[in-house]
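# Working through the structure, step by step
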Amino acid sequence: GENGAGKSTIMNIIVGNLRQDEGEIVLDGETLHLKSYQDAIAHHISIVHQEIQVVPESSIAENIMLDKLKNYSVGGKIAWDKLNQETEKYLKMVGLPLPPKTPIATLSAAQKQLCQIAKALSTQAKYLLLDEPTSSLTNHEAERLFQLLEQLKKENVTIIFVSHKLEEVLRI
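An account of the accompanying structure is given in this report. Everything quoted here is computed from the prediction, not taken from an experiment.

## So, the sheet that holds strand E3 (residues 45–48)
If you walk across this open sheet you meet the three strands as E3-E6-E7, and the pairing is parallel. The two strands at the open ends of the sheet, each matched to only one other strand, are E3 and strand E7 (158–162). Across the sheet, the mean angle from the axis of one strand to that of its neighbour is 15 degrees, orientation sign disregarded. Two elements, E3 and strand E6 (residues 127–131), share four bridges in a ladder whose sense is parallel. Bridge assignment links Ile45 to a residue of E6, and that residue is Tyr127.

Here it is as structure tokens:
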């Protein structure tokens, strides 16, 4: 669809960021009433927005694991070694060989986008929505993303891929 056709809007409805005016979302035979993105994650749905959304004062690991920090807390303190080790797994998946402690503000737009993809993967999503994920990626980074999407397809992850680049859509 053209700009303004509602592609991003429907994706935000699917992940609970917006409420639909009418209709319903049915997933695996269940009508969903998502009130937030956390509800979507609980249903194994995740999104990568076109607009890069990071906390610039934080590290790569903090950005990727932001919504999961409580899972790495022991006695009120974050187990940084465990969190950084888990983060490395997702950085490797997206082909971003950077230390998890790296301040995210020092990254290029493409590297930040790869971190956003790593964050979505860290939710163990079975349904992955990608809103123009290659818009800030180099050809090499986009190629790595396509390889990752092929692997996710083999793992039965459902992918919704929005792009204005028809050759990308046809390839996927």
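There is more to say, and it comes next.
## Comments concerning helix H6 (residues 139–154)
A rise of 1.5 Å per residue sets the reference length of H6, with its 16 residues, at 22 Å; its end C-alpha atoms lie 23 Å apart and thus fit the reference within 8%. Burial in H6 covers these residues: Glu141, Ala142, Leu145, Phe146, Leu148, Leu149 and Leu152. Seen end-on, H6 carries its buried residues on one side only, within an arc spanning 165 degrees. In H6, the exposed positions that point more than 90 degrees away from the buried face belong to Asn139, His140 and Lys154. Contacts made by the buried residues of H6 are with helix H4 (80–94), helix H5 (109–121), E6, E7 and helix H7 (166–171). Looking one or two residues beyond H6, the residue adopting positive phi is Asn156, at roughly 65 degrees.

## Brief notes about a nonpolar patch on the surface
Together, Leu166, Val169 and Leu170 make up an exposed nonpolar region whose accessible area comes to about 310 Å². By the element assignment, Val169 lies in helix H7. Since its relative accessible area comes to 35%, Val169 is described here as partly exposed.

## Focus: the pairing of E7
Pairing between E6 and E7: five bridges, direction parallel. What sits directly across from Asp131, in E7, is Val162. Note that the unit made of E6, H6 and E7 has a crossover that is right-handed.

## Topic: empty space enclosed by the protein
Scanning the entire structure with this criterion turns up one cavity of 30 Å³ or more. Its boundaries defined by the atoms lining it, the largest cavity holds a volume of some 30 Å³. In this structure, the largest cavity is lined by Phe146, Leu149, Glu150, Arg171 and Ile172. Each residue belonging to the lining of the largest cavity can be placed in one class, and the counts come to three nonpolar, no polar and two charged.

## Let's talk about the environment of Ile159
Along the polypeptide, Ile159 turns up in strand E7. In sequence terms Ile159 and Ile47 are 112 residues apart; their C-alpha atoms lie 9.8 Å from each other. Dropping the residues within four chain positions of it, Ile159 is found in contact with Leu128, Leu130, Leu149, Leu152 and Lys153.

Cut-offs applied
Residues numbered from 1 in each chain as written. Predicted model: local features only at pLDDT ≥ 70, side-chain atom pairs only at ≥ 80, totals over all residues. Heavy atoms only, no water. Pairing = 2+ DSSP bridges. Helix = DSSP H or I, 4+ residues; strand = E, 2+ residues; numbered from the N terminus. Axes fitted to C-alpha atoms, helices over the stretch in contact; angles between N-to-C directions. Expected span 1.5 Å × (residues − 1). Buried < 20%, exposed > 50% of the residue type's maximum accessible area, 1.4 Å probe, protein only. Arc of directions from axis to C-beta. Contact = heavy atoms within 4.5 Å. Patch = residues over 30% accessible without salt bridge, like charges linked within 9 Å, V, L, I, M, F, W, Y side chains within 5 Å. Areas by Shrake-Rupley, 256 points an atom, 1.4 Å probe, with all protein chains shown as cover. Salt bridge = Lys/Arg side-chain N within 4 Å of Asp/Glu carboxyl O. Right-handed = clockwise from strand over helix to strand, strands pointing away. 1 Å grid on protein atoms, 1.4 Å probe; cavity = no way out; pocket = protein on both sides within 12 Å on 5 of 7 lines; lining within 4 Å. Points joined across faces, edges and corners; volume = space filled by probe spheres on them. Nonpolar A, V, L, I, M, F, W, Y, C, P; charged D, E, K, R; others polar.

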